[in-house]
Amino acid sequence: MSQYDVIGTRAPRVDAPAKATGRAIFVDDMSMPGMLYGALLQSPYAHALIRGIDVSAALKLPGVKAVVTHKEAGLVKYGVSPARYDETIFCYDKVRQVGDNIAAVAAVDMATAVEAASLIKVDYEELPAVFTIEEALADGAPLVHDDYKRNISAEVHQEFGDVEAALKECDLIKTTSLKSKRQDCAFIEPQGCIATYDLSGNLTLYSSTQTTHYVQRSLAMALGAPVGKVRVVKPYVGGGFGSKASASHLEMAACLLAMQTGKPVKMIFDREQVFLHGRARHQFVHTMTTGVKKDGTIMALKHEAWLNGGAYSSFGIATVYYAGSLLGGPYKLPNMKYDGYRIATNLPACGAQRGHGGVIARSCWEQQLDMIAEELGMDPLELRLKNIMTAGDVTCNDLDMSSLGMKECIEVVRDASDWKNKKGKLPQGKGIGMACGFFVSGAGFPIYRSETFHCTVTIKVTEDGGTAIVSTASAEIGQGSDTTFAMIAAEGMGIPLGMVRIESGDTDFGVDLGAYSSRQTLMTGQATKQAAENVKMQVLDALSKELHVPVEDMDIKKGYIVFKKDKPDLSALKTRYIKEHREWTDNPSLDDELSFREASRIAFFTKGTIVGTGMYKPPELGGKFKGAAVGTSPAYGCSAQIAEVSVDEQTGRITIEKMTDAHDCGQAINRTSVEAQMHGSMAMGLGEALFEEVKFDDKGRLLNGDLAEYKMPTALDMPPMEALIVESHEPNGPYGAKEVGEGNIMPTIAAVLNAVHDAIGVRIHELPLNPERVYLAIKEYREKNAKQ
Amino acid sequence: MKKEIEFMLNEEKVIVEVEPHWTLLHLLRETLELTGAKEGCGVGECGACTVIVEGDAVNSCLYPVMEIEGKTVTTIEGLAKPDGTLHPLQQSFIENNGVQCGYCTSGMIMSAKALLDKNADPTENEIRTSISGNICRCTGYVQIVESIKHAAGSMKNTQAAQNGK
Ligand code: FES
Ligand code: FES
């Protein structure tokens with residue numbers, strides 16, 4: 001029997017009825033009286049000087065209400081990390097990528113806005129451009145930003161322990177690399193927004209965003225508006241995965257146009273613009289050297305990473321830090337050296353995406369560990385178990401594994417997949433492989449330096465006591481956070497889930513840093529729990545005064561007051577509720593239980609509206625070195641996965657036969673939603689492993705900026721996936737809960753790489769594993785073996 | 001030049017003026033205020049805009065509006081009964097968590113309905129094939145396929161119960 005009534009169940013999502021009936025409102029479903037439509041003018045060139053902009057023809061087009069360029073927008077620099085603010089709302093001196101924004105138009109309808117944008121004349125002088133890491137670093141290469149010497153937009157150099165000394169003591173030293181391609185978030189809802197501006201100077205933006213708070217701050221800063229006058233509201237959002245985690249030019253332009261015209265302005269990206277402005281996964285090139293002892297003990301890791309960052313910094317500093325720091329675990333690693341470089345190029349800018357910065361690094365290392373195990377004659381699963389960290393361990397870079405069911409995850413997938421009878425024993429062409437990974441449950445610090453709470457939550461009880469309204473600025477983007485917080489609130493107050501209503505995603509509801517770095521379950525969850533317990537205490541306190549029963553002798557469970565000692569006479573209280581409200585149709589019955597509803601009504605009589613508040617910011621976290629802020633978290637979720645594949649050696653086509661996945665999410669709040677996140681993570685990982693790649697021509701233009709040519713998994717591509725929940729108790733999490741949405745994407749690619757090797761004996765060091773690449777790798781492998 | 005067209009929409013006759021170059025999706029969303037069908041790509045590649053025309057699931061973003069003259073169209077808004085009783089597919093998507101962000105959901109349910117209307121007892125492969133034009137980035141399709149399977153089962157049971165009467 002669970003100690004909880006709501007937590008740990010499979011309650012249906014609170015938003016499912018609206019979504020299953022087509023009634024859930026996304027921003028593109030909204031319209032407003034007098035609404036105008038906005039369109040952007042974007043650069044056709046990857047790198048060019050702007051010599052002049054002539055908007056006169058656009059302004060003359062009937063139906064056009066405003067045209068804005070850098071002249072109206074100003075030149076305030078903004079971005080994601082304050083240390084790298086390198087964008088302005090519109091380009092003024094030069095463009096740095098295809099799609100860079102020059103101007104925006106508001107008109108009475110979309111067709112007029114698009115036509116007007118095409119009438120704006122820009123005098124460009126094309127400049128030589130750089131698209132690859134090699135081109136960007138070449139001597140005399142043109143600079144994307146004058147400030148970034150050699151086009152290095154960020155670099156990291158860290159050493160923990162003494163890697164060179166440790167390598168000298170090793171019996172086996174292995175060096176390998178892995179190169180990935182740019183992946184797009186490819187959510188199905190393109191970004192969109194509607195901005196309104198009223199006569200009192202209030203700017204309201206309805207936007208498809210993951211982070212209302214950061215958008216609010218960025219808008220205020222870039223547009224020069226008082227923060228208190230800027231409100232950002234998130235309707236339902238059709239997926240984010242990282243790309244919707246920072247303010248976009250679309251949002252800036254819509255606000256500016258609304259301020260210029262005094263009318264609501266709607267702007268929606270088309271699919272190609274999602275690819276151009278997605279700020280999705282970087283391309284990574286990793287080289288790693290690992291040293292081990294004969295018995296498999298991991299001694300040291302030397303790691304170098306190069307990231308192709310595109311035209312702007314966006315989240316890139318954090319990305320390049322994460323690419324190193326997330327290798328500190330889950331294996332005991334006493335010595336680690338990391339050199340990471342993020343390179344600016346004239347491709348669309350990259351940013352954060354599910355598993356931020358860590359996915360390809362993890363894939364590279366987990367493939368290498370398999371190779372090491374093979375050379376040592378060890379089962380790769382045993383090699384991992386031998387080095388595994390457990391709860392309480394701290395990594396060499398100061399990540400505190402306050403809970404860690406990594407070992408349990410490995411054991412669970414080993415047994416569920418029948419690993420022992422399959423590994424190395426499957427027929428040629430069939431293979432099995434495994435890998436592990438972990439991820440933060442929220443960043444320890446906000447993106448800007450501040451003492452701010454990371455979230456505040458209020459819960460207000462309606463006067464009749466029948467409904468508790470949870471208000472949070474956190475972002476439900478599909479992951480199920482509204483349901484999670486409604487469940488936590490219900491548990492905390494001791495009432496059924498049906499009595500809780502949640503409203504979220506509005507900066508008017510308080511501060512919440514939003515849905516990124518897998519932070520909400522732990523952080524917003526803690527604030528929600530605190531607010532709920534605060535409500536409960538207020539109700540019990542009022543009741544205590546009425547009944548002369550000490551608060552500590554009472555509790556609330558399943559919507560009823562529990563008297564731990566003698567039950568007092570309740571008849572007077574019960575009659576009072578009903579007497580007051582004869583005309584209410586849903587009065588509680590006169591049985592001998594006292595409901596939360598009645599008790600809250602009594603509390604309302606003495607205290608007015610019952611409002612509980614909660615807040616959260618992480619405790620002091622480890623690490624005093626430069627960059628320690630990226631990777632430190634109150635908790636870490638972890639996963640082990642096993643992939644079973646078959647490889648057609650004639651064509652190079654890989655079929656994933658089965659995925660077995662175990663994730664430690666601490667206490668599962670909603671088991672069905674945890675499994676849903678595991679499935680979704682694996683799907684995105686398998687897409688990146690097998691076919692996803694955003695391609696450009698030699699002018700930096702998109703070659704596959706559409707969902708037909710950009711291949712991602714359909715229902716027919718997905719294998720059976722077994723999602724097994726491993727629960728630990730996370731001391732820093734609400735009811736012991738921590739993340740699931742990102743830790744779970746960490747092992748997927750490496751599990752596939754290792755399974756492919758098990759199937760055909762070939763190691764592949766470049767993604768994606770499309771038939772052509774696999775076929776050529778097999779061919780090369782055979783030719784090499786024939787020579788020997 | 002606007003033209004008048006007439007067709008059956010969710011069991012009601014509709015007479016409406018359209019521009020001949022519009023798509024069915026445009027008519028539904030922008031004129032008739034039925035926003036259940038979503039635009040994810042606008043060019044027939046994602047399935048978020050799926051509706052049923054004459055029994056077949058179609059991408060309404062590609063469907064020329066003039067071609068629906070005289071035809072029967074069902075959208076997600078037409079699935080629940082007027083008294084609010086949900087279609088078994090909708091009920092099943094709620095109970096089996098076939099929903100995450102919800103942007104693909106209307107299209108998924110319509111593709112599944114077109115399948116179940118023709119094939120009451122589909123195999124898993126037939127289910128997957130029927131939604132292979134509907135991309136979902138959130139779910140990995142597991143709980144969506146489960147939802148459709150369960151709906152098929154409950155529809156069959158209801159049918160059997162009715163036949164037994
Ligand atoms: S919007 Fe119609 S298929 Fe994508
Ligand atoms: S639920 Fe988000 S795209 Fe399917």
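All of these numbers come straight from a predicted model, not from anything done at the bench. (Residues numbered from 1 in each chain as written. Chains lettered and ligands numbered in written order. Predicted model: local features only at pLDDT ≥ 70, side-chain atom pairs only at ≥ 80, totals over all residues. Heavy atoms only, no water.)

Peer 1: Residues and numbers for the overall build of chain A, please.
Peer 2: Helix and strand counts for chain A stand at 21 helices and 25 strands. In terms of overall dimensions, chain A is globule-like: its C-alpha atoms have a radius of gyration of 28 Å, near the 28 Å expected for 788 residues. Principal axes of the C-alpha set define a box for chain A whose edges measure 95 × 75 × 50 Å. Among the 788 residues that make up chain A, the fraction classed as buried is 65%. A sequence separation of at least 24 residues applies to 79% of the contacts in chain A between residues at least 6 apart. Taken together, the 83 basic and 99 acidic charged side chains of chain A have centroids lying 1 Å from each other. (Helix = DSSP H or I, 4+ residues; strand = E, 2+ residues; numbered from the N terminus. Rg over C-alpha atoms; globule rule 2.2 N^0.38 Å. Buried < 20%, exposed > 50% of the residue type's maximum accessible area, 1.4 Å probe, protein only. Contact = heavy atoms within 4.5 Å. Lys, Arg positive; Asp, Glu negative; His and termini not counted. Charge placed at Lys NZ, Arg CZ, Asp CG, Glu CD.)

Peer 1: Now, about the side chain of Arg-519 of chain A: what can you tell me, with residues and values included?
Peer 2: Position of Arg-519 of chain A among the secondary structure elements: in the loop between strand S19 (500-504) and helix H16 (520-547). Residues within four places of Arg-519 of chain A in sequence aside, it is in contact with Ser-441, Gly-442, His-454, Cys-455, Asp-512, Leu-513, Gly-514 and Thr-524 of chain A.

Peer 1: I'd like a rundown of the interface of chain B and chain A, residues and numbers included.
Peer 2: Each side of the interface is counted separately: chain B has 39 residues, and chain A has 51 residues. With both sides pooled, the region where chain B packs onto chain A buries about 3500 Å², and carbon together with sulfur makes up 60% of that total. Taking the shortest distance from any N to any O, the salt bridge between Asp-29 of chain A and Lys-38 of chain B comes out at 2.5 Å. At the junction of chain B and chain A, the tally comes to 17 residue pairs in polar contact (both at pLDDT 80 or more). Going through the elements one at a time, helix H1 (24-31), helix H2 (88-95), helix H3 (105-118), helix H4 (124-130) and helix H5 (142-164) of chain B are the ones with two or more residues in the side of chain B that touches chain A. Of the residues in the side of chain B that touches chain A, the class split is 16 nonpolar, 15 polar and 8 charged. (Buried area = accessible area lost by both parts, 1.4 Å probe. Salt bridge = Lys/Arg side-chain N within 4 Å of Asp/Glu carboxyl O. Polar contact = N/O pair within 3.5 Å; in protein donor to acceptor, adjacent residues only side chain to side chain. Nonpolar A, V, L, I, M, F, W, Y, C, P; charged D, E, K, R; others polar.)

Peer 1: Could you give an account of the domain arrangement of chain A, with specific residues and numbers?
Peer 2: Reports of interface size often rely on the accessible area that becomes lost once the parts have come together. All names here are of chain A. You can read the domains of chain A as domain 1 (16-22 + 453-616), domain 2 (31-127 + 188-239 + 244-276) and domain 3 (283-445 + 623-787). The interface is formed by 20 residues belonging to domain 1 together with 23 residues belonging to domain 3. Together, the buried faces of domain 1 and domain 3 total about 1600 Å²; carbon and sulfur atoms form 63% of this surface. The largest contributions to the domain 1 side of the interface with domain 3 come from Ser-517, Ser-518 and Leu-522, which together make up 34% of the buried area. Taken together, the links from domain 1 to domain 3 amount to 0 salt bridges. Viewed at the interface, domain 3 and domain 1 are joined by 7 residue pairs in polar contact (both at pLDDT 80 or more). (Domains from an automatic or database assignment.)

Peer 1: Residue-level account of unusual backbone geometry, with values.
Peer 2: All names here are of chain A. Cis geometry is adopted by the peptide bond preceding Pro-330, which originates at Gly-329 and carries an omega value of -5°. As for its placement among the helices and strands, Pro-330 is situated in the loop between helix H10 (316-325) and strand S15 (335-344). One non-glycine residue, Arg-279, lies in the positive phi region at around 55°. Within the secondary structure layout, Arg-279 lies in the loop between helix H9 (271-277) and strand S13 (283-292). When its relative accessible area of 11% is taken as the criterion, Arg-279 is described as buried. If you check the backbone angles, Asp-418 has positive phi at about 60° while not being a glycine. With respect to the element layout, Asp-418 can be found in the loop between helix H13 (406-417) and helix H14 (419-422). A residue is classified by how much of its surface remains accessible, and Asp-418, at 33% relative accessible area, is partly exposed.

Peer 1: Could you give an account of the packing of aromatic side chains, naming the residues involved and the relevant values?
Peer 2: Using the criterion set out here, one finds 13 aromatic pairs over all chains in the structure. Considering the side-chain rings of Tyr-45 of chain A and Tyr-124 of chain A, the 5.1 Å spacing of their centres and the 75° angle between planes classify their relative orientation as edge-to-face. Of the two residues, Tyr-45 of chain A sits in the loop between strand S1 (36-42) and strand S2 (48-54) while Tyr-124 of chain A sits in strand S6 (residues 121-126), which places them 79 residues apart along the sequence. One aromatic cluster is present, formed by Phe-26 and Tyr-236 of chain A together with Tyr-103 of chain B through successive ring pairs. The positively charged end of Arg-217 of chain A is found above the aromatic ring belonging to Tyr-448 of chain A, 3.5 Å away from the centroid. In this structure, Lys-244 of chain A is placed above the aromatic ring of Phe-187 of chain A, and the distance from its NZ or CZ to the ring centre is 4.1 Å. (Phe/Tyr/Trp six-rings, centres within 6.5 Å; stacked < 30°, edge-to-face > 60°. Lys NZ or Arg CZ within 6 Å of the ring centre and 35° of its normal.)

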